[in-house]
Amino acid sequence: MAKRKPKLVGAKLPRLHTPWVGGKSRVDEIAALADAIGQPLLGWQKTILKDMCVVDKKNMFIKKSSLMICARQSGKSHMMRMRVLAGLFCFGEMNILIMSSQRQMASKSLEIIAGIIERNPFLLAQVKDGNIDKAYKRTNGNERIILESGAEVKVVAATIDSSRGMTADMVWIDELRDVGVEALDASKSTTLTRANSQRFYTSNAGHKESTVLNEMRERSLNKPPKSVGYYEFSAPDNCDIWDRSAWAAANPSLGLLI
């Protein structure tokens, strides 16, 4: 009988990344929350979040800006939704912004977050009036979820004016490959007055016109400061299309979600 090939599973570590930062991390709080809602983190997601959320002796985040790239349907959005939920319910962050090159994608992430809150009484009790219908505003252009404390997570468009004048403890920009320079610059200003703020960028591989993504990737791979994180799951350049190890390198959830 012919030998069956062993099950192919995705890479546990990104092929390209900035130096790992050791020390205390708040990832355990995120992982505990994910377990509590019945959607535990995968191993690779926990590894990335651990590095993203390392803190110094004053409990301040060391990574201020992090970019994560991997194939579609791998679970990067779930990873970031858990960081959003941890920001609201564990870290005491008051203002969180979600942005995407396509507004409906950011709105979908907010809808999923609202669903998680509604299904879990210990989270639902903390939103405005303990009622998701009152806490979750669905009006186009004003989508947000508001907690009883006044904290909120809000969707903003990837335009030059959408986030202007806002302040945020955390910003998550998805599909960075299609976000323009003006929108990115506007989003950066939102975190300037928050001492412990973080900005997260997620995307799949870009194209030649992905100016923002390509420039950020190049800077991240060229001796960046300790405050910058970069994590890329990708196949090696010029690899054979039938190289199974390359499939695993580009798809961390292969054999798990895919």
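In this text, all values refer to a predicted model and were calculated from it rather than measured experimentally.

Colleague: Honestly, the side chain of Thr-191 in this entry has me stumped. Any pointers?
Modeller: With respect to the helices, strands and loops of the structure, Thr-191 is situated in the loop between helix H7 (181-188) and strand S8 (198-203). Separated by 3.1 Å, the side chains of Thr-191 and Arg-199 make a polar contact. The contact partners of Thr-191, leaving out residues within four places of it in the chain, are Ala-168, Val-171, Ser-197, Gln-198 and Arg-199.

Colleague: Got a minute to help me understand a nonpolar patch on the surface in this structure?
Modeller: Nonpolar side chains collect at one region of the surface, where Ile-241, Trp-242 and Trp-247 lie side by side and expose about 410 Å² of accessible area between them. Structurally, Ile-241 can be placed in the loop between strand S9 (228-232) and helix H9 (244-250).

Colleague: Would you explain the packing of helix H1 (residues 27-36) against helix H2 (residues 43-52) in this entry?
Modeller: Angle between the axes and distance between the axes are the two parameters that describe a pair of packed helices. Relative orientation of the contacting elements H1 and H2 amounts to 145°, with a least axis distance of 9 Å. Contact residues: H1 offers Val-27, Asp-28, Ile-30 and Ala-31, while H2 offers Lys-46, Leu-49 and Lys-50. Here the residues of the contact of H1 with H2 sort into 4 nonpolar, no polar and 3 charged.

Colleague: What am I meant to see in helix H4 (residues 103-119) here?
Modeller: Two residues of an α-helix separated by three or four positions point the same way, owing to the 3.6 residues in each turn. The end-to-end C-alpha separation of H4 is 25 Å, in line with the 24 Å expected for 17 residues at 1.5 Å each. Buried within H4 are the following residues: Ala-106, Ser-107, Ser-109, Leu-110, Ile-113, Ala-114, Gly-115, Ile-116 and Ile-117.

Colleague: Can you help me understand the packing of aromatic side chains in this one?
Modeller: For any pair of aromatic rings, geometry is given as the distance between the ring centres together with the angle between the planes. Tallied over the full model, the rule gives 4 aromatic pairs. Taken together, a centroid distance of 6.2 Å and an interplanar angle of 65° make the contact between Trp-242 and Trp-247 edge-to-face.

Colleague: Please clarify how the pairing of strand S7 (residues 170-174) should be interpreted in this entry.
Modeller: Residues in a regular strand point their side chains to alternate faces of the sheet. The buried fraction of S7 is high, at 5 of 5 residues. Residues Met-170, Trp-172 and Asp-174 of S7 are buried on one face, and the alternating residues Val-171 and Ile-173, pointing to the opposite face, are buried as well. The pairing of strand S3 (residues 95-100) with S7 spans 5 bridges and is classified as parallel. From the neighbouring strand, Met-99 faces S7, where its bridge partner is Ile-173. With respect to chirality, the unit in which S7 leads through H7 into the neighbouring parallel S8 is right-handed.

Colleague: Please clarify how the sheet that holds S9 should be interpreted in this entry.
Modeller: Hydrogen bonds along the backbone pair up the strands of a sheet, which may run parallel or antiparallel. Read across the open sheet, the 9 strands follow the order S1-S9-S2-S8-S7-S3-S6-S5-S4; overall the sheet is mixed. Looking along the sheet, the strands with just one partner apiece sit at the ends: strand S1 (16-17) and strand S4 (136-137). The sheet contact formed by S4 and strand S5 (residues 144-146) spans 2 bridges and is antiparallel. Paired with Tyr-136 across the bridge in S5 is Ile-145. In the packing of helix H3 (residues 76-89) onto the sheet, the strands contacted are strand S2 (65-69), S3, strand S6 (152-157), S7 and S8, and the crossing angle to S7 comes to about 165°.

Calculation criteria
Residues numbered from 1 in each chain as written. Predicted model: local features only at pLDDT ≥ 70, side-chain atom pairs only at ≥ 80, totals over all residues. Heavy atoms only, no water. Helix = DSSP H or I, 4+ residues; strand = E, 2+ residues; numbered from the N terminus. Polar contact = N/O pair within 3.5 Å; in protein donor to acceptor, adjacent residues only side chain to side chain. Contact = heavy atoms within 4.5 Å. Patch = residues over 30% accessible without salt bridge, like charges linked within 9 Å, V, L, I, M, F, W, Y side chains within 5 Å. Areas by Shrake-Rupley, 256 points an atom, 1.4 Å probe, with all protein chains shown as cover. Salt bridge = Lys/Arg side-chain N within 4 Å of Asp/Glu carboxyl O. Axes fitted to C-alpha atoms, helices over the stretch in contact; angles between N-to-C directions. Nonpolar A, V, L, I, M, F, W, Y, C, P; charged D, E, K, R; others polar. Expected span 1.5 Å × (residues − 1). Buried < 20%, exposed > 50% of the residue type's maximum accessible area, 1.4 Å probe, protein only. Phe/Tyr/Trp six-rings, centres within 6.5 Å; stacked < 30°, edge-to-face > 60°. Pairing = 2+ DSSP bridges. Right-handed = clockwise from strand over helix to strand, strands pointing away.

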